[in-house]
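# Observations on chain architecture
Here's the letter readout for the chains.
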Amino acid sequence: MKIAIVCYPTFGGSGVVATELGLELARRGHEIHFITYSQPVRLALLSPNVYYHEVNVPEYPLFHYQPYELALSSKLVDMVKLYKIELLHVHYAIPHAYAGYMAKQMLKDEGINIPMVTTLHGTDITLVGNHPFYKPAVTFSINKSDFVTSVSQSLKDDTLKLFNIKNEIEVIPNFIELDKNSNDLSIPCQRSVMAKENERIITHISNFRKVKRIPDVIKIFYNIQKEIPAKLMMVGDGPEKEKAEYLCQELGIVDKVIFFGNSNEIDKILCLTDLFLLPSETESFGLAALEAMACRVPVISSNSGGLPEVNFEGVSGYLSDVGNIEEMAQNALKILKEDSTLQKFKENALSVAKQFDIKNILPLYEALYQKAINKYL
Ligand code: GMT
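In every chain, residue numbers begin from 1 and rise along the written sequence. Note on the predicted model: pLDDT of at least 70 is required for a residue's local features to be given, and 80 or more for side-chain atom pairs to be given and counted; whole-chain, interface and lining totals, by contrast, use all residues. Only hydrogens and water are removed before side-chain values are computed, so all heavy atoms of the structure are retained for them.

## Observations concerning the overall build of the protein
Note the following rule: Numbering of helices and strands runs from the N terminus, with a helix taken as a DSSP run of H or I at least four residues long and a strand as a DSSP run of E at least two residues long. The atom set for the radius of gyration is the C-alpha atoms, and the globule formula is 2.2 Å times the number of residues raised to the power 0.38. Note on contacts: a residue pair qualifies if any of its non-hydrogen atoms lie within 4.5 Å across the two residues. In short, Shrake-Rupley with a 1.4 Å probe defines the accessible areas, and a residue's cover is counted only from the protein chains shown.
Within the protein one finds 13 helices and 13 strands. In terms of C-alpha radius of gyration, the protein reaches 21 Å, essentially the compact-globule figure of 21 Å for 377 residues. By principal-axis analysis of the C-alpha atoms, the protein measures approximately 70 × 45 × 35 Å. Counted over contacts in the protein with a minimum sequence separation of 6, partners at least 24 positions apart contribute 70%. Accessible surface for the protein amounts to roughly 16700 Å². Of this, 52% is attributable to carbon and sulfur atoms.

## Section: the site of the ligand
For clarity, the threshold we go by: A molecule or strand has a residue near it when one of that residue's heavy atoms lies within 4 Å. We call two N or O atoms a polar contact when they sit within 3.5 Å, provided that within protein one can donate a hydrogen and the other can accept it, with sequence-adjacent residues counted only if both atoms are side-chain atoms.
Near the ligand lie 17 residues; those nearest to it are Ser14, His121, Lys212, Glu283 and Ser284. For the ligand, an oxygen atom lies 2.7 Å from a polar atom in the side chain of His121. Between the ligand and the protein, one listed contact pairs an oxygen atom with a side-chain N or O atom of Glu283 at 2.5 Å. Notes on the ligand: free accessible area 480 Å², of which the protein chains cover 92%.

## Some details on the state of the cysteines
The test is simple: Two cysteine sulfur atoms form a disulfide, by the criterion used here, when they sit within 2.5 Å. Only protein chains enter the calculation, and the probe is 1.4 Å; a residue is then buried if its accessible area is under 20% of its type maximum, exposed if over 50%, and partly exposed in between.
Scanning the entire structure with this criterion turns up one disulfide. Cys189 shares a disulfide with Cys271; S-S distance 1.9 Å. One end of the pair, Cys189, is in the loop between β7 (169-171) and β8 (200-205); the other, Cys271, is in the loop between α9 (266-270) and β11 (275-278), with 82 residues separating them in the sequence. Its sulfur unpaired, Cys295 is 7.5 Å from the next cysteine sulfur, which belongs to Cys271. When its relative accessible area of 4% is taken as the criterion, Cys295 is described as buried.

## What about the UniProt feature "domain: Glycosyl transferase family" (unreviewed entry) in the protein?
Heads up, the condition is: UniProt positions are given in the numbering used here, feature names are shortened, and annotations may be inferred rather than shown by experiment.
The UniProt feature table records "domain: Glycosyl transferase family" (unreviewed entry) at residues 195-349. Helix makes up 39% of residues 195-349 and strand makes up 19%, while its end C-alpha atoms are separated by 22 Å.

## A few points about the packing of helix α1 (residues 13-27) against helix α13 (residues 358-375)
Heads up, the rule is: The convention used is that axes are lines fitted to C-alpha atoms, helices contributing only their stretch in contact, and that angles between N-to-C directions extend from 0 to 180 degrees. Orientation categories follow fixed angle ranges, with anything under 35 degrees roughly parallel, anything over 145 roughly antiparallel, 65 to 115 roughly perpendicular, and all other angles oblique. The classification used treats Ala, Val, Leu, Ile, Met, Phe, Trp, Tyr, Cys and Pro as nonpolar, Asp, Glu, Lys and Arg as charged, and all other residues, Gly among them, as polar.
Interhelical geometry of α1 versus α13 gives an angle of 80° and a closest axis separation of 11 Å. One finds that α1 runs roughly perpendicular with respect to α13. Of the residues in α13, those in contact with Glu20, Leu21, Glu24 and Leu25 of α1 are Ile358, Leu362, Tyr365, Glu366 and Tyr369. Among the residues forming the contact of α1 with α13, the class breakdown is six nonpolar, no polar and three charged.

## Focus: helix α7 (residues 214-227)
The periodicity of an α-helix, 3.6 residues per turn, causes residues three or four positions apart to be oriented the same way. Our working rule: Expected span, for any helix, means 1.5 Å times one less than how many residues it has.
Between its first and last C-alpha atoms α7 spans 21 Å; for 14 residues at 1.5 Å apiece the expected length is 20 Å, and the two agree. Within α7, burial applies to Ile214, Asp216, Val217, Ile218, Ile220, Phe221, Asn223, Ile224 and Gln225.

## Overview of the pairing of strand β12 (residues 299-302)
So the rule is basically this: Think of it like this: strands point away, you trace from the first strand over the helix to the second, and a clockwise trace means the crossover is right-handed. Following DSSP output, two strands are said to pair if at least two bridges run between them.
Taking every second residue as pointing to the same face, both faces of β12 are buried, with Val299 and Ser301 on one and Ile300 and Ser302 on the other. Once the chain exits β11 it traverses helix α10 (residues 287-294) before rejoining the sheet at β12, and the crossover so formed is right-handed. Of the pairings in the sheet, the one linking β12 to strand β13 (residues 317-320) comprises four bridges and is parallel in character. Within the sheet, the bridge partner assigned to Ser301 lies in β13 and is Leu319.

## Focus: the pattern of salt bridges
Stated precisely, the cut-off is as follows: The rule for a salt bridge is simple: a side-chain nitrogen of Lys or Arg has to be within 4 Å of a carboxyl oxygen of Asp or Glu.
The final tally for this structure, using the stated rule, is 19 salt bridges. Among the charged side chains, a salt-bridge network with shared partners connects Glu24, Arg27 and Glu177.

## Regarding the environment of Thr10
Within the secondary structure layout, Thr10 lies in the loop between β1 (2-6) and α1. Excluding its chain neighbours within four sequence positions, the residues that come into contact with Thr10 are Tyr37 and Val41.

Take a look at the structure:
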């Protein structure tokens, strides 16, 4: 199949999922065209069957806001015609589903019927899309998609609750490429660079937005390090980062917390890690938690959104109510105190992650694409 994938190219779950999906589809022989405004971060190497088409929005003094949707839909029209693309798969409803629908209509005018699959990722529904400024356009573009998927049952439920949706929504969970993740114990891990032998290493990775509850991460760690020797690795960048650095100063733990910024070497960081913290206000899925689990790292998370569909209570980690930092710290200590318990949770985390192996999930997308293409035959 010839498929155009539209996504955000930046650090963030939806772009990562879209990129990994496209790369695996390409490995299976499909022709994949990534269409976005810069090269997706995980698309380091252009491989066979993979194309990248950049959307450019030239500046013009009259434009207070650059008309990205217009440029994207025009690019989609051109690329569909040039490469005879058979299907559009847009990730994140805003504004991709809207631009995709416009492209569909323009192509229809020229006698080309192209199906569009929209994948909902989370904040496009729960935080941003739900805003009255966007809601009519988001509802419209979800209803006008040929097929809609969501990355968890929880996100599907939220979508149906928040919007007037007439379309079916199929749940296709996010996935992980296990072969690529460092669950291979033979790979040397340079643990000693980050911590002393007796210290546990705890990690948080995110875009440091409010929804991630960064102060909770710091406070959970503060409680942990009072009981056992530990280090915290804070990976990522975003608006809450500076405040988090101040909080570490206030709590007197600067020497135990390392801020890394965005990283392309998540595997290398996770292979050193003993425990992952994700106390978010909400997560439609929590891809970062799954990436940790795939590297044998148990997870302490909140129990909101789709997190209970990924992190299994008492198996791959523990889940608590949002903001219950005392319980989260106690659960972390339960896992970290004894080597044997930690080892058990590490193995469990990997076996839960195996359920989300890309090999199990990709056929669901392939079947959906086939159904979408057949719709217009
Ligand atoms: O978490 C974010 O703020 C980034 C956002 C995104 O658009 O990349 O992540 C969302 O999509 C991911 C991939 O499907 C999910 O794993 C995240 O849980 C989801 N984030 C939220 O729902 C807050």
